Amino acid sequence: MFLIRFLTVLALSCGLSLARAEPLVLLTENLPPFNMSVAGTNYARDDGVTGISSDILRAVCERAQVQCQQILRFPWQRVYQQTLDDAGYGLFSTARTAEREGLFKWVGPIASNEWVLFSKGDSSIQLNSLDDARRYRIGGYKGDAKTQFLLDRGLEVQTALRDSENVKKLERGQIDLWVTSNQAGRFVARQEGLENLKVVQNLHTADLYLALNLQTPDELVQKLQSALDSLRAEGALRSIEARY
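If you look the protein chain up in an unreviewed UniProt entry, it shows as Amino acid ABC transporter substrate-binding protein, PAAT family from Pseudomonas sihuiensis.

This is how it looks when you write it as structure tokens:
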């Protein structure tokens, strides 16, 4: 630590600029195919974290010359609160909602996420509107924006700490509908052995962002945003998405 401080002071005294900004810790959860543990565990870091958003943010940090560490932890509420509370932290993949807008500084969008209501594939449930869903038992992920979307509209949602629990509830008939992401939900369901799902209602398409603690310097936020924009213009983001 002393050596790092000495070199920093020496560089500044000689009029040299440092190549990298202060390091960022980017927190995430298992939300395949956007971010997930390579080993399928509830904790991973750096090369142990993969997915569309994870790979895109690695490329962004490299382009911006910002040192970024990725850490995947469970549950979502824990990493969300840590990003709210602690300087130097970011959170992905985060839906940028009106309720969250003033709580973070934002870089993105890095990907898009389709919010849906699933039933089992052999279900006879048909919805003409979201209001029709009130008659059914709905399962959701605790603290998730998709769950909050329904709660804000007065629907009741049984929440679980793991989204995989909703797959089991749906299969057992303990819930009738599951609010989740079309992409991530199908991925999680396949892992649990459930292939046959039916979209009964499209709810919303949400852009996913990197949410940064409010104490993050604006200069750093802009540096990351510029790096993302340039990679998108070059077609690099499409290439990353195609891998998944």
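Colleague: Would you mind going over the nonpolar core in detail, with residue names and values included?
Modeller: Across soluble globular proteins, you tend to see nonpolar side chains buried next to one another. Ranked by internal contacts, the top residues of the largest apolar core, which has 27 residues, are Ile-56, Leu-210 and Leu-224. Of all the secondary structure elements, the ones that give two or more residues to this core are strand 1 (21-28), helix 2 (52-64), strand 7 (105-120), strand 11 (197-212), helix 7 (218-233) and helix 8 (236-242). Those residues within four positions of Leu-210 in sequence are excluded, and the remaining contacts are Leu-26, Leu-57, Gly-90, Leu-91, Phe-92, Lys-105, Trp-106, Val-107, Ile-110 and Leu-224. With 18 residues, the next largest nonpolar core counts Trp-115, Leu-117, Ile-138 and Val-200 among its residues.

Colleague: Residue-level account of the domain arrangement of the protein chain, with values.
Modeller: You can read the domains of the protein chain as domain 1 (24-112 + 207-242) and domain 2 (114-205). For domain 1 and domain 2, the distance between their C-alpha centres works out to 25 Å. Taken residue by residue, the interface counts 16 residues in domain 1 and 15 residues in domain 2. Looking at the side of domain 1 facing domain 2, the largest losses of area belong to Pro-32, Phe-74 and Gln-77, adding up to 35% of the total buried there. Where domain 1 packs against domain 2, one counts zero salt bridges. For the interface between domain 1 and domain 2, the tally reads two residue pairs in polar contact (both at pLDDT 80 or more).

Colleague: Quick rundown of unusual backbone geometry? Include the residues and the values.
Modeller: Each neighbour pair has its own omega, and for Phe-74 with Pro-75 the value is -5°, a cis peptide bond. Relative to the helices and strands, Pro-75 resides in the loop between strand 5 (66-72) and helix 3 (76-85). Notably, Asp-46 is not glycine yet its phi reads approximately 50°, a positive angle. Positionally, Asp-46 belongs in the loop between strand 3 (44-45) and strand 4 (49-50). The backbone of Gln-65 shows a phi angle near 55°, a positive value even though the residue is not glycine.

Colleague: Could you give me a rundown of the state of the cysteines, with the residues and numbers involved?
Modeller: For the coordinates displayed, the defined rule picks out one disulfide. The disulfide that involves Cys-61 links it to Cys-68, with 2.1 Å between the sulfurs. In this structure the cystine formed by Cys-61 and Cys-68 twists about its S-S bond by roughly -85°; its chirality is therefore left-handed. Accessibility expressed as a relative area gives 6% for Cys-61, which makes it buried. For Cys-68, a relative accessible area of 22% translates into the label partly exposed.

Colleague: Hey, could you go over the UniProt feature "domain: Solute-binding protein family 3/N-terminal" (unreviewed entry) in the protein chain for me, with residue numbers and the actual values?
Modeller: If you check UniProt for "domain: Solute-binding protein family 3/N-terminal" (unreviewed entry), the listed places come out as residues 41-244 in our numbering. Helix and strand shares over residues 41-244 are 36% and 30% respectively, and the end C-alpha atoms of the span are 19 Å apart.

Colleague: Hey, could you go over the pattern of salt bridges for me, with residue numbers and the actual values?
Modeller: For the structure on display, the rule yields nine salt bridges. One salt bridge in this structure joins Arg-137 and Asp-176, with 3.0 Å as the shortest N-O distance. Here Arg-137 is found in the loop between strand 7 and strand 8 (138-141), whereas its partner Asp-176 is found in the loop between helix 5 (163-172) and strand 10 (177-181), with 39 residues between them in sequence. The salt bridge partner of Glu-192 is Lys-168, with a shortest N-O separation of 4.0 Å. In this pair, Glu-192 sits in the loop between helix 6 (182-191) and strand 11 while Lys-168 sits in helix 5, placing the two residues 24 residues apart along the sequence. What emerges from the salt-bridge pattern is a single network uniting Asp-55, Arg-58 and Arg-243.

Colleague: Kindly report on helix 7, identifying the contributing residues and their values.
Modeller: Between the first and last C-alpha of helix 7 there are 22 Å, a value that for 16 residues agrees with the 22 Å anticipated at 1.5 Å per step. Buried within helix 7 are the following residues: Leu-220, Val-221, Leu-224, Gln-225, Ala-227, Leu-228 and Leu-231. In an axial view of helix 7, the angular spread of the buried residues amounts to 160°, which keeps them on one side of the axis. Exposed residues on helix 7 whose side chains face more than 90 degrees from its buried face are Asp-218, Glu-219 and Ala-233.

Rules used in this analysis
- Residues numbered from 1 in each chain as written.
- Predicted model: local features only at pLDDT ≥ 70, side-chain atom pairs only at ≥ 80, totals over all residues.
- Heavy atoms only, no water.
- Core = buried A, V, L, I, M, F, W, Y, C linked by side-chain atoms within 4.5 Å.
- Buried < 20%, exposed > 50% of the residue type's maximum accessible area, 1.4 Å probe, protein only.
- Helix = DSSP H or I, 4+ residues; strand = E, 2+ residues; numbered from the N terminus.
- Contact = heavy atoms within 4.5 Å.
- Domains from an automatic or database assignment.
- Buried area = accessible area lost by both parts, 1.4 Å probe.
- Salt bridge = Lys/Arg side-chain N within 4 Å of Asp/Glu carboxyl O.
- Polar contact = N/O pair within 3.5 Å; in protein donor to acceptor, adjacent residues only side chain to side chain.
- Disulfide = S-S within 2.5 Å.
- UniProt positions renumbered as here; feature names shortened; annotations may be inferred.
- Expected span 1.5 Å × (residues − 1).
- Arc of directions from axis to C-beta.

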